[in-house]
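Chain and residue survey
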Amino acid sequence: MFSFLWEGHAVPSCLSLTFMFLLHILDMCMSESHHAECPESCFCSESVDGGLMVRCRDMNLIAVPRGLPNNTRHLYLDNNLLFTIPSDSFIGLPLLFKLDLSHNRLVHLEPGAFRDQADSLSSLDLSFNLLETLDPEAFGDLRAQTNLSHNPWLCDCRLQLAMPQLLLDPSSLAEVVCNTSEPEELGAHGMPFILVATDLDFCAALRRTTDFAMLVTMFGWFTMVISYLVYYVRHNQEDAIRHLEYLKSLPNRQGRSGESLTRSTWL
């Protein structure tokens, strides 16, 4: 009886162990397949909200790694040596939800740098870089909450026009500080951009310059038109005078021709 009961319990126990062992092997295979897709300089793991969490921080990278898994959900590229973000850096990442580019050496974002992430990206960290100005075309229709703090911003008309197009992280606004300003006499140095942008018009000087340039251009065109009209009138007057003198000379020529014909007839 004891042997029967032992054997009766041993069979299910063996099946459970076999099943758990198979699950473990399957999990290892899936894990290895995910890590096989991971770039050499990064570490990949499952994200709690689906997709992959890819960490490429502190790797002295000078460019965004190629071959990022297309199911990347969170991408950490902070604390590297990135200088620029080309327009094709994140193509093929339709699920990208969070992107951390902080603590790099970014000075330029190419137009279209985040164009493929307009529908998915929710958080973009560009803090602690070397950005001085923004190209709105780099962001396109992106509505991610963006951290722009701790960059040496040049507060000018271009920045004033670009900032409202971004959904800025409210907690970082006080740290978006003007390192320089244009024009300099506005005295924005060391001031949070959010404060000076509400009181100062960085585009006023540019508009005055543009208006003056338009005035000079219009005056140049006006001068050219007047000069052409004067030349045209004078040229046509001279032609008219020559034509009139020619017409006046026609009867005399015809009379002289008649006299010559009469004399030749009598002779």
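These lines cover the structure that appears in this document, whether it is placed above or below. (Residues numbered from 1 in each chain as written. Predicted model: local features only at pLDDT ≥ 70, side-chain atom pairs only at ≥ 80, totals over all residues. Heavy atoms only, no water.)

Considering the packing of aromatic side chains
Ring pairs (aromatic) are described by centroid distance and by the angle formed between their planes. Enumeration over the complete set of coordinates arrives at two aromatic pairs. Between phenylalanine 90 and phenylalanine 114, the aromatic rings sit 6.0 Å apart at their centres with planes inclined by 10°, giving stacked as the arrangement. Residue phenylalanine 90 is located in the loop between strand E4 (84–85) and strand E5 (98–100), and its partner phenylalanine 114 is located in the loop between strand E6 (108–109) and strand E7 (123–125); the two are separated by 24 residues in the primary sequence. For phenylalanine 90, a relative accessible area of 1% corresponds to the buried category. (Phe/Tyr/Trp six-rings, centres within 6.5 Å; stacked < 30°, edge-to-face > 60°. Helix = DSSP H or I, 4+ residues; strand = E, 2+ residues; numbered from the N terminus. Buried < 20%, exposed > 50% of the residue type's maximum accessible area, 1.4 Å probe, protein only.)

Describing the pairing of strand E1 (residues 43–46)
The pairing of E1 with strand E2 (residues 52–55) spans four bridges and is classified as antiparallel. For serine 45, the partnering residue across the bridge sits in E2 and is methionine 53. The turn linking E1 back onto E2 is made up of five residues, and glycine 50 within it adopts a positive phi angle of 90°. (Pairing = 2+ DSSP bridges.)

Brief notes about unusual backbone geometry
Although it is not a glycine, asparagine 60 sits at a positive phi angle of roughly 55°. On the secondary structure map, asparagine 60 appears in the loop between E2 and strand E3 (72–76). Since its relative accessible area comes to 58%, asparagine 60 is described here as exposed. Look at phenylalanine 128: it is not a glycine, yet its phi comes out positive at around 55°. Within the fold, phenylalanine 128 resides in the loop between E7 and helix H2 (136–139).

Details of the side chain of aspartate 100
Along the chain, aspartate 100 turns up in strand E5. Despite its burial, aspartate 100 remains without a salt bridge, the nearest opposite charge being carried by arginine 57 at 4.5 Å. Here aspartate 100 is in contact with Leu75, Tyr76, Leu77, Asp78 and Asp125, once residues within four sequence places are set aside. (Lys, Arg positive; Asp, Glu negative; His and termini not counted. Salt bridge = Lys/Arg side-chain N within 4 Å of Asp/Glu carboxyl O. Contact = heavy atoms within 4.5 Å.)

Quick word on empty space enclosed by the protein
A complete count under the given rule lists one cavity of 30 Å³ or more for this structure. Considered as a void within the structure, the largest cavity measures approximately 40 Å³ in volume. If you trace the largest cavity, you find it lined by Pro136, Phe139, Gly140, Ala162, Gln165 and Leu166. Broken down by class, the residue content of the lining of the largest cavity amounts to four nonpolar, two polar and no charged. (1 Å grid on protein atoms, 1.4 Å probe; cavity = no way out; pocket = protein on both sides within 12 Å on 5 of 7 lines; lining within 4 Å. Points joined across faces, edges and corners; volume = space filled by probe spheres on them. Nonpolar A, V, L, I, M, F, W, Y, C, P; charged D, E, K, R; others polar.)

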